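Structural overview
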Amino acid sequence: MIKDIQEKILQLKKEKDICILAHCYQNPEILEVADFTGDSYALAVKAAQVTAGTVIMCGVRFMAETVKILSPDKKVILSHPDAGCPMAEQLDKDLVIQAKAQLPDYTVVAYVNTTTDLKTVCDVCVTSSSAVTICKNIENDKILFLPDPQLGNWTASQIPEKTFKILGAGCPTHCQMTKKDVEKAKAAHPNALLLVHPECREDVTKEADYAGSTTGIMNYAKSSTAKEFIIGTENSITTHLQMECPDKKFYPLSKECICPNMKLTTLVDVLDCCKGTGGEEIVLEPETAERAKKCIDEMIRLG
Ligand code: 13P
Ligand code: SF4
């Protein structure tokens with residue numbers, strides 16, 4: 001059944017000049033039909049290079065908007081219309097404008113998990129894999145970071161020579177994991193290394209052997225000589241790693257770490273997108289998209 005649907009998708013991709021990009025939080029049967037999978041930075045870089053006329057983004061809305069911003073002439077489809085990112089939608093543009101007025105000499109750094117509209121009042125985007133490099137490369141030593149205080153504080157801790165101000169509340173999925181979960185997991189698996197996403201709370205990240213983006217975590221686990229790992233990010237990464245490295249053991253830091261938005265898209269949704277009967281075509285106001293693009297171009301230049 002799954003194979004039949006996948007074959008239809010592969011056939012339609014060829015016939016209709018479609019490229020499928022999938023974030024690595026997506027389910028395995030979706031990753032298998034994608035042309036490219038990766039973390040949000042890798043997907044953004046890829047989005048700028050795609051040659052196909054239509055791009056289907058299997059992920060959340062800000063990722064599809066990033067593709068549209070970088071490739072305005074392409075038809076860009078978000079795999080499920082309801083797949084948003086609560087962190088991306090949590091900051092009001094006027095609040096950022098007010099903060100900028102109070103901190104006129106700060107460079108405004110926006111996590112790419114933000115709306116297109118919010119990006120128009122920011123200076124440069126970062127992703128979890130590029131935040132430290134980009135914040136180091138920014139000439140200014142004063143940075144206003146939004147909307148993830150966890151990623152912001154973690155980035156600031158790596159660059160003590162710069163001053164950071166932080167705005168926003170972060171990711172509800174990653175913030176569910178607490179120090180108690182770490183204690184419990186380490187007690188159950190004393191030989192395992194703890195690998196976490198920097199969207200986790202500070203007291204979780206502090207205990208980690210490695211903190212990095214989703215693909216950063218995967219690459220670390222694959223190349224490590226260790227045999228057991230506790231994974232502190234969306235639980236799909238635990239599943240993918242277990243399939244790719246059957247000789248190693250992977251344990252989720254918390255059973256609750258499931259992003260409901262990333263999990264909305266099904267294989268049938270992807271098929272419907274290919275048929276032209278599903279998903280949502282991303283339409284952006286050209287002037288807004290052009291202004292937001294400056295932030296993303298800066299991210300690619302500085303990253
Ligand atoms: P990455 O930058 O690691 O892809 O993470 C994106 C995201 O939404 C994590 O919650
Ligand atoms: Fe957004 Fe968090 Fe889901 Fe990532 S895991 S898409 S940041 S809600």
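Presented here is an overview of the structure given in this document. (Residues numbered from 1 in each chain as written. Chains lettered and ligands numbered in written order. Predicted model: local features only at pLDDT ≥ 70, side-chain atom pairs only at ≥ 80, totals over all residues. Heavy atoms only, no water.)

Empty space among the atoms becomes apparent when a probe as large as a water molecule is rolled across them. Summed over all chains, the structure comprises two cavities of 30 Å³ or more. Each pocket or cavity is described by its volume, and for the largest cavity that value is around 250 Å³. Tyr25, Phe62, Asn113, Glu199 and Met262 are the residues nearest the centre of the largest cavity, which is lined by 24 residues in total. Looking at the lining of the largest cavity residue by residue, the class counts come to 12 nonpolar, nine polar and three charged. (1 Å grid on protein atoms, 1.4 Å probe; cavity = no way out; pocket = protein on both sides within 12 Å on 5 of 7 lines; lining within 4 Å. Points joined across faces, edges and corners; volume = space filled by probe spheres on them. Nonpolar A, V, L, I, M, F, W, Y, C, P; charged D, E, K, R; others polar.)

This part is about the packing of helix H4 (residues 61-70) against helix H14 (residues 286-302). Relative orientation of the contacting elements H4 and H14 amounts to 95°, with a least axis distance of 9 Å. Looking at the two axes, H4 sits roughly perpendicular to H14. Residues Thr66, Ile69 and Leu70 of H4 lie in contact with H14, whose contacting residues are Ala289, Ala292, Lys293, Ile296, Asp297 and Ile300. In terms of residue class, the contact of H4 with H14 is made up of six nonpolar, one polar and two charged. (Axes fitted to C-alpha atoms, helices over the stretch in contact; angles between N-to-C directions. Helix = DSSP H or I, 4+ residues; strand = E, 2+ residues; numbered from the N terminus. Parallel < 35°, antiparallel > 145°, perpendicular 65-115°, else oblique. Contact = heavy atoms within 4.5 Å.)

Let's shift gears to the site of ligand 2. Taken together, Tyr25, Cys85, Pro86, Met87, Asn113, Cys171, His174, Glu199 and Cys259 make up the full set of residues near ligand 2. Here the residues of the shell around ligand 2 sort into six nonpolar, two polar and one charged. (Near = heavy atom within 4 Å.)

Tallied over the full model, the rule gives two aromatic pairs. Ring geometry for Tyr210 and Tyr220: centres 4.7 Å apart, planes at 20°, overall stacked. Residue Tyr210 is located in strand S10 (residues 210-211), and its partner Tyr220 is located in helix H11 (residues 214-223); the two are separated by 10 residues in the primary sequence. Taking relative accessible area as the criterion, Tyr210 reaches 23% and is therefore assigned partly exposed. For Tyr220, a relative accessible area of 28% gives the class partly exposed. When the ring of Phe229 is compared with that of Phe250, the centres are 5.3 Å apart and the planes differ by 15°; the resulting orientation is stacked. In this pair, Phe229 sits in strand S11 (residues 228-232) while Phe250 sits in strand S12 (residues 249-252), placing the two residues 21 residues apart along the sequence. With relative accessibility at 0%, the residue Phe229 sits in the buried group. (Phe/Tyr/Trp six-rings, centres within 6.5 Å; stacked < 30°, edge-to-face > 60°. Buried < 20%, exposed > 50% of the residue type's maximum accessible area, 1.4 Å probe, protein only.)

Within the largest apolar cluster, 91 residues are counted, with the highest numbers of intra-cluster contacts made by Leu21, Val109, Phe145, Leu146, Ile231, Ile237 and Leu253. Not counting residues up to four positions away in its chain, the partners in contact with Ile237 are Cys24, Tyr25, Thr214, Ile217, Met218 and Ile231. Grouped together as the second largest cluster of nonpolar side chains are 18 residues, Leu12, Ala22, Cys58 and Leu267 included. (Core = buried A, V, L, I, M, F, W, Y, C linked by side-chain atoms within 4.5 Å.)

The next thing to look at is unusual backbone geometry. The step from Leu146 to Pro147 runs through a cis peptide bond, and the omega angle for that step is -5°. Within the secondary structure, Pro147 sits in the loop between strand S7 (142-146) and helix H8 (149-158). Although it is not a glycine, Asp17 adopts a positive phi angle of roughly 55°. Structurally, Asp17 is set in the loop between helix H1 (2-16) and strand S1 (18-23). Among the residues examined, Asp17 registers a relative accessible area of 42% and is labelled partly exposed.

This brings us to the sheet that holds strand S3 (residues 54-58). The strand order across the open sheet built from five strands is S2-S1-S3-S4-S13, with neighbouring strands paired in mixed fashion. With partners counted over all chains shown, the strands left at the sheet margins are strand S2 (36-38) and strand S13 (280-281), one partner each. Where S1 and S3 come together, five bridges link them in parallel fashion. What sits directly across from Ile20, in S3, is Ile56. In this fold helix H3 (residues 40-47) packs onto S1, S2 and S3, with an angle of close to 145° to the strand it touches most, S2. (Pairing = 2+ DSSP bridges.)

Glancing now at the site of ligand 1. What surrounds ligand 1 is the set His23, Tyr25, Asp39, Ser40, Asn113, Ser128, His174, His197, Glu199, Ser213 and Thr214. Ser40 is positioned such that a nitrogen or oxygen atom in its side chain is 2.7 Å from an oxygen atom of ligand 1. Glu199 is positioned such that a nitrogen or oxygen atom in its side chain is 2.9 Å from an oxygen atom of ligand 1. In isolation ligand 1 offers 300 Å² of accessible surface; the protein chains occlude 95% of this area. Assessed atom by atom at 2 Å from the grid points, ligand 1 resides in the largest cavity. Tallied by class, residues from the shell around ligand 1 come to one nonpolar, eight polar and two charged. (Polar contact = N/O pair within 3.5 Å; in protein donor to acceptor, adjacent residues only side chain to side chain. Areas by Shrake-Rupley, 256 points an atom, 1.4 Å probe, with all protein chains shown as cover. Sits in = over half its atoms within 2 Å of the grid points.)

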